Amino acid sequence: MQNLIDILSQSNKDIDNQKLMDYVSGKLSAEDKHEVEKWMIDNEFAGEAWEGLHQFSKKKELGIYVDELNKELARYILEKKKRRDIRKIQQPSWIYFAIGLILLMIIVAYLVISKLNK
Amino acid sequence: MKKTRFDHINDQELLEKFYADRDNFWIGILLQRYTLLLLGVCMKYLRNEEEAKDAVQHIFLKTITELHKYRVDYFKSWLYMVAKNHCLMKLRDSQGKIYSEIHDKNLLIAEEEGSIQHHFEKEKNLQLMSTSLEELNQEQKLCVTLFYLEKKTYHQIAVETGYTMMQVKSNIQNGKRNLKNLMEKKVSGK
């Protein structure tokens, strides 16, 4: 009878990536498979993803695709950070250059004015 | 897919870390949790493996850009919406068809669904459930019963009934939704 109530209950568990990957690769026991499937029924995101993952011709390669995408993402983020860091380093040198130039102009102006006064 | 040293930090905490120091590193950790789901959703809509992988990369970039622009509270739902809209836009561009975009509101429905069982006492619930289950069409009743009551997997149900895995999933999903609707009708009719 408890199972009847379970129909309307929502799966609160969040299935981790590894378990989902094992599910897709067919490595889970029937009990674990059922748990993942119950989660997918209640979770629209996962449910739609299941429909799509089902359509991949080589399901065993899914792990490789995911790793490639993750590496690409990490590389992009690292490059973006490097570019930002370089900009940060370059920015102060321009500021120092501008301050130096202004000071130099003030000194030159002072010298010129004091010479003219003499 | 390896375990990472950030597995103990939940999505919300990672988002907070990002908003605190604006370091994309945190978004990277977050996004990597959903790569497989994103790949699946993109494949479902685009039906092409290479296009699906491309779309996931675009969604990654879009996520990084958008999170810098405004605050997001529920990352998973928001990411799902971004992914779905991206795929629908891509389909619209390539096929010239008009698809309606989804909005946050639709995503919240699933989260609210769990509240129904709190309105009834357990016994009444069971009676209502039994009668409502009988009113489902044959396919949905069979799939819901085998899945929830006999705890069978999609594959086992597919073998037993002769339906495809997709039909099994759809029958369970629609059956569950119809069951809720039937129960709600019965309750509001009383």
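Residues numbered from 1 in each chain as written. Chains lettered and ligands numbered in written order. Predicted model: local features only at pLDDT ≥ 70, side-chain atom pairs only at ≥ 80, totals over all residues. Heavy atoms only, no water.

(A) Fine view of the interface of chain A and chain B. Between chain A and chain B, the residue contacts involve 56 residues of the former and 62 residues of the latter. Summing both partners gives a buried area of about 5900 Å² for chain A against chain B, and 66% of it is carried by carbon and sulfur. The interface formed by chain A and chain B contains six salt bridges. Linking Lys44(B) and Glu48(A) is a salt bridge whose minimum nitrogen-to-oxygen distance equals 3.1 Å. Run the count over chain A and chain B and you get 13 residue pairs in polar contact (both at pLDDT 80 or more). Breaking the side of chain A that touches chain B down by element, the ones donating at least two residues are α1 (2-6), α2 (17-24), α3 (30-42), α4 (44-53) and α5 (62-117) of chain A. Broken down by element, the residue count for the side of chain A that touches chain B peaks at 14 residues, all from α5(A). (Contact = heavy atoms within 4.5 Å. Buried area = accessible area lost by both parts, 1.4 Å probe. Salt bridge = Lys/Arg side-chain N within 4 Å of Asp/Glu carboxyl O. Polar contact = N/O pair within 3.5 Å; in protein donor to acceptor, adjacent residues only side chain to side chain. Helix = DSSP H or I, 4+ residues; strand = E, 2+ residues; numbered from the N terminus.)

(B) Representation of the nonpolar core. Residue and element names in this part refer to chain B. Of all hydrophobic cores here, the largest spans 79 residues; its most connected members are Leu38, Leu39, Leu67, Phe75, Tyr154 and Ile172. Residues lining this core come from more than one domain, with at least three contributed by each of domain 1 (11-87) and domain 2 (114-188). Apart from residues no more than four positions distant in its own chain, Leu67 is found in contact with Leu15, Phe18, Tyr19, Arg22, Ile27, Val72, Phe75 and Trp78. (Core = buried A, V, L, I, M, F, W, Y, C linked by side-chain atoms within 4.5 Å. Buried < 20%, exposed > 50% of the residue type's maximum accessible area, 1.4 Å probe, protein only. Domains from an automatic or database assignment.)

(C) Up close: the state of the cysteines. All names here are of chain B. On inspection of all chains with the given rule, the structure shows zero disulfides over all chains. Lacking any disulfide linkage, Cys42 is separated from the closest cysteine sulfur, that of Cys87, by 3.7 Å. What makes Cys42 buried here is its relative accessible area of 0%. (Disulfide = S-S within 2.5 Å.)

(D) The arrangement of the pattern of salt bridges in detail. Enumeration over the complete set of coordinates arrives at 17 salt bridges over all chains. Among the ionic pairs, Lys69(B) bridges to Glu66(B), the shortest N-O distance being 3.3 Å. Placement of both Lys69(B) and Glu66(B) in helix α4 (residues 49-69) is noted, with a separation of three residues, approximately one turn of the helix. In this structure, a network of salt bridges that share partners links the residues Glu44(A), Glu48(A), Glu51(A), Lys44(B), Lys84(B) and Lys169(B).

(E) Structural view of the confidence of the model for chain A. Residue-level pLDDT values for chain A average 84, and 86% of them are 70 or greater. Highest mean pLDDT in chain A belongs to α4(A) (90); lowest belongs to α1(A) (64). (pLDDT = per-residue confidence, 0-100.)

(F) Local environment of the packing of α3(A) against α4(A). All names here are of chain A. In the contact formed by α3 and α4, the axes pass within 5 Å of each other and the chain directions differ by 115°. Judged on the interaxial angle alone, α4 and α3 are roughly perpendicular. The interaxial crossing formed by α3 with α4 has left-handed handedness. Residues Trp39, Met40 and Asp42 of α3 lie in contact with α4, whose contacting residues are Glu44, Ala46, Gly47 and Trp50. Split into classes, the residues belonging to the contact of α3 with α4 amount to four nonpolar, one polar and two charged. (Axes fitted to C-alpha atoms, helices over the stretch in contact; angles between N-to-C directions. Parallel < 35°, antiparallel > 145°, perpendicular 65-115°, else oblique. Left-handed = near helix turned anticlockwise from the far one by under 90°. Nonpolar A, V, L, I, M, F, W, Y, C, P; charged D, E, K, R; others polar.)

(G) Structural view of the packing of α3(A) against helix α10 (residues 165-189) of chain B. Here α3(A) crosses α10(B) at 55°, and the two axes come no closer than 10 Å. By the angle class used here, α3(A) and α10(B) are oblique. Between α3(A) and α10(B) lies a crossing of right-handed hand. Where α3(A) abuts α10(B), its residues Met40(A), Ile41(A) and Asp42(A) lie against Lys169(B), Ile172(B), Gln173(B) and Lys176(B). Among the residues forming the contact of α3(A) with α10(B), the class breakdown is three nonpolar, one polar and three charged.

(H) Geometry of the packing of aromatic side chains. Considering all chains together, one arrives at 11 aromatic pairs over all chains under this definition. Aromatic side chains Trp50(A) and Tyr154(B) sit 5.1 Å apart centroid to centroid with 75° between the ring planes, which places their arrangement in the edge-to-face category. Linking Trp50(A) in helix α4 with Tyr154(B) in helix α9 (residues 154-161), this pair reaches from one chain into another. Per residue, the accessibility class of Trp50(A) equals that of Tyr154(B), and both read buried. Seen in terms of ring centroids, Tyr34(B) and Phe75(B) are 5.9 Å apart; in terms of plane orientation they differ by 50°. Their pairing is tilted. One end of the pair, Tyr34(B), is in the loop between α2 (24-32) and α3 (35-46); the other, Phe75(B), is in helix α5 (residues 75-95), and 41 residues separate them in sequence. Each member of the pair, Tyr34(B) together with Phe75(B), is buried. Connected via pairs of aromatic rings, a cluster forms that spans Phe45(A), Tyr34(B), Tyr70(B), Phe75(B), Trp78(B) and Tyr80(B). (Phe/Tyr/Trp six-rings, centres within 6.5 Å; stacked < 30°, edge-to-face > 60°.)

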